[in-house]
Amino acid sequence: MKNKCLLLLLFASFPIFSWADETLDSLLHVLDQTILAHDIYVVQRESRIRHLKELAGDVAPNSIERYNLNNQIYKEYKAFICDSAIYYLNENVRIAGNLGDTDREIESKLQLSLLLSSTGMYTESIDVLKSVDRQKVTSHLILDYYTCFDHVYGEMGFYTQDQTLSAYYREISSAYKDSLYAILSPQSEEFMVMRETLFRDRHKYDEALEINDRRLMAAEPDTPQYALVTYHRSLIYKYLGDKIREKQNLCLSAISDIRSAIKDHASLWMLAQLLYENGDMERAYQYMRFSWNATKFYNARLRSWQSADVLSLIDKTYQAMIEKQNDRLQQYLVLITALLVLLIGALGYIYRQMKKLAVARNHLQTANHQLNQLNEELQQMNACLTSTNAELSESNQIKEEYIARFIKLCSTYINRLDAYRRMVNKKVSAGQIAELLKITRSQDALDEELEELYANFDTAFLHLFPDFVKKFNALLQDNEQIILKKDELLNTELRIFALIRLGIEDSSQIAEFLRYSVNTIYNYRAKVKNKARGSREDFEDLVRKIR
């Protein structure tokens, strides 16, 4: 449950992270980017402070409104610039005194005492507390009063080198904790922090994590509260020996600190120390430098003491690493120089080879160009041969078809001449000269023969070119296409262009076959070409290409 809770928060706070080392690497990358953008968050806080100061300048110096605005400015400075925060708290102590408002005066003194003890000024903090009359502390400030005593003596017990004094201070702190337990609600943040710290100090880490889970669920990412909760969570994992999760939570805390423009932070320099121990020297140095600059900006004595030794150690190690890298760079420089000489020699050799290659390439291009020309000529010849073969094949087919038709027609006409001879002989023998003269003068027999001739021609042609009529009409305009009568294979116009398709282009030959005058044939040809869909000059060429 606890791991799932942290994982859920990680996914909610940052775009795609995997668990364990991959999550840590991703968090470190986000932290690096946040440090680069830290000026943005500082500007935002400074803008808020500037706005509050402008508002404070517009109200009376000794008024409740000025006191409240100073209190807001103090909260902005509290984790940003220590000296300024102390200044505005002292201003509020003065304003409350001038107003005769004991409650607000005690409130400001308690805030001042807590701030002084948080920054390592323990004597000053106790002096401020001693100036507070216990009898005048109201019920709504008693919690803050006990908290100040608990915090200052707890801090002194933790940082003093004297074991006897340490025990004494811890005892006082414990007494005030008991007083706090008596008045705090178990659901309050202060109560949960105290219980979590107690369980952590007593090595009851599961119970401490359970309380921290509830605090973590209530905290919003990128807020001071979230930074504090994740910092406390890192302490639990530190005592559990889980270095990965310790660093993950320190990363989350440091990111929230920076995005909240908090200069009083311990997460980043603690993370730098862990990275230093793991050998990530460069990142540790960068983090410690950033943390040290923030500490100087905040100007708190305790943070300077805490980070000075670590910074000194990391700085010395980093400088040693830089010197070692410089020695290595000198070795690399000698090696690179030698490689450069070899490279120059290799480039000279390659240049000569490239010149030879360029000459050979030019020869190949010339030969390739000649081959391409020959290939184009061969393709043209192949196309001509293919076209010629197609035409020869078509001519052979036409010849075969019409030779067969011609032989059949010759045989038929011989038989008809023989029949006509017998009929004439019979009429002459019978003395039917007048009837014979009547038959020879009649045009009907000739018309029948011509009709049969054209029918044979039409059948033979359409056998060779079955789609001729359809393809011919495709060359004409839509409203000018030829529509044949029922049982009609070809009409006169189609026969003219059928003969042209067969290679008979002379109008006199066409006129002789169709028994028309040359002018009539010419008019037919001109009339049809005027109906062409495209150019009339290309019409007959397109007809010749019909297959």
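Structure: see above.
Because the structure is a prediction, the values reported are computed rather than measured.

> When you look at the packing of aromatic side chains in this model, what are you seeing that I'm missing?
How two aromatic rings sit relative to each other is given by the distance of their centres and the angle of their planes. Counting across every chain of the model gives 23 aromatic pairs. Taken together, a centroid distance of 5.1 Å and an interplanar angle of 90 degrees make the contact between tyrosine 87 and tyrosine 88 edge-to-face. Relative accessible area serves as the criterion here: at 46%, tyrosine 87 is assigned to the partly exposed category. When the centroid spacing of 5.6 Å and the interplanar angle of 80 degrees are considered together, the rings of phenylalanine 472 and phenylalanine 539 count as edge-to-face. Pair noted here: phenylalanine 472 is in helix H19 (residues 468-474) and phenylalanine 539 is in helix H23 (residues 539-544), with a separation of 67 residues, a long-range link. Judged by relative accessible area, phenylalanine 539 falls into the buried class, the value being 1%. Among the aromatic residues, those joined into a ring-pair cluster are Tyr454, Phe457, Phe461, Phe465, Phe468, Phe472, Phe497, Phe513 and Phe539. Above the plane of the ring of phenylalanine 297 lies lysine 263, whose end atom (NZ or CZ) is 5.0 Å from the centre.

> How do you make sense of unusual backbone geometry when you look at a structure like this?
Notably, histidine 203 is not glycine yet its phi reads approximately 65 degrees, a positive angle. Its location among the elements puts histidine 203 in the loop between helix H10 (189-201) and helix H11 (205-218). We classify histidine 203 as exposed; its relative accessible area is 58%. The backbone of aspartate 222 shows a phi angle near 65 degrees, a positive value even though the residue is not glycine. Examined against the element boundaries, aspartate 222 turns out to sit in the loop between H11 and helix H12 (224-240). Look at aspartate 222 and you get partly exposed, because its relative accessible area is 33%.

> I'm lost on the pattern of salt bridges in this one. Help?
Once their charged atoms are close, side chains differing in charge can pair, the charge on each being opposite to the other. All chains considered together, the criterion is met by 21 salt bridges. Arginine 533 serves as the salt-bridge partner of aspartate 478, at 2.8 Å between the closest nitrogen and oxygen. Pair noted here: aspartate 478 is in the loop between H19 and helix H20 (492-501) and arginine 533 is in the loop between helix H22 (518-530) and H23, with a separation of 55 residues, a long-range link. Among the ionic pairs, aspartate 541 bridges to arginine 544, the shortest N-O distance being 2.4 Å. Placement of the pair is aspartate 541 and arginine 544 together in helix H23, with a separation of 3 residues, close to one helical turn. Within the structure, one salt-bridge network assembled from shared partners comprises Glu505, Arg525, Lys529, Glu540, Asp541 and Arg544.

> So what exactly am I meant to see when it comes to the nonpolar core here?
Within soluble globular proteins, side chains that are nonpolar tend to cluster in buried spots. Ranked by size, the top nonpolar core spans 33 residues in total, and within it Leu28, Leu31, Ile35, Cys251, Leu268, Leu271 and Tyr287 carry the most contacts. For this core, the secondary structure elements donating two or more residues are helix H2 (20-36), H12, helix H13 (243-259), helix H14 (267-277) and helix H15 (281-298). With 8 residues, the single largest contributor to this core is H14. When residues no more than four places from it in sequence are discounted, the contact partners of leucine 28 are Cys251, Leu271, Leu275, Arg283 and Tyr287. With 29 residues, the next largest nonpolar core counts Tyr454, Phe457, Leu476 and Ile546 among its residues.

> What is the right way to read the side chain of arginine 495 from this model?
Its location among the elements puts arginine 495 in helix H20. Polar side-chain contacts of arginine 495 include one of 2.9 Å to the side chain of aspartate 458. Once residues lying within four places of it in the same chain are set aside, the contact partners of arginine 495 are Tyr454, Phe457, Asp458, Leu490 and Leu514.

> Honestly, the environment of glutamate 540 in this entry has me stumped. Any pointers?
By the secondary structure assignment, glutamate 540 is in helix H23. On the basis of relative accessibility, which here comes to 10%, the residue glutamate 540 falls in the buried class. Ignoring sequence-local partners within four residues, the contact set of glutamate 540 consists of Phe497, Ile500, Arg525 and Lys529.

> Just to check I follow, could you spell out a nonpolar patch on the surface for this structure?
On the surface, a nonpolar cluster with roughly 700 Å² of combined accessible area is contributed by Leu340, Leu343, Ile344, Leu347, Tyr349, Ile350 and Met354. Its location among the elements puts leucine 347 in helix H16 (residues 301-429).

Reading the values: the criteria
Residues numbered from 1 in each chain as written. Predicted model: local features only at pLDDT ≥ 70, side-chain atom pairs only at ≥ 80, totals over all residues. Heavy atoms only, no water. Phe/Tyr/Trp six-rings, centres within 6.5 Å; stacked < 30°, edge-to-face > 60°. Buried < 20%, exposed > 50% of the residue type's maximum accessible area, 1.4 Å probe, protein only. Helix = DSSP H or I, 4+ residues; strand = E, 2+ residues; numbered from the N terminus. Lys NZ or Arg CZ within 6 Å of the ring centre and 35° of its normal. Salt bridge = Lys/Arg side-chain N within 4 Å of Asp/Glu carboxyl O. Core = buried A, V, L, I, M, F, W, Y, C linked by side-chain atoms within 4.5 Å. Contact = heavy atoms within 4.5 Å. Polar contact = N/O pair within 3.5 Å; in protein donor to acceptor, adjacent residues only side chain to side chain. Patch = residues over 30% accessible without salt bridge, like charges linked within 9 Å, V, L, I, M, F, W, Y side chains within 5 Å. Areas by Shrake-Rupley, 256 points an atom, 1.4 Å probe, with all protein chains shown as cover.

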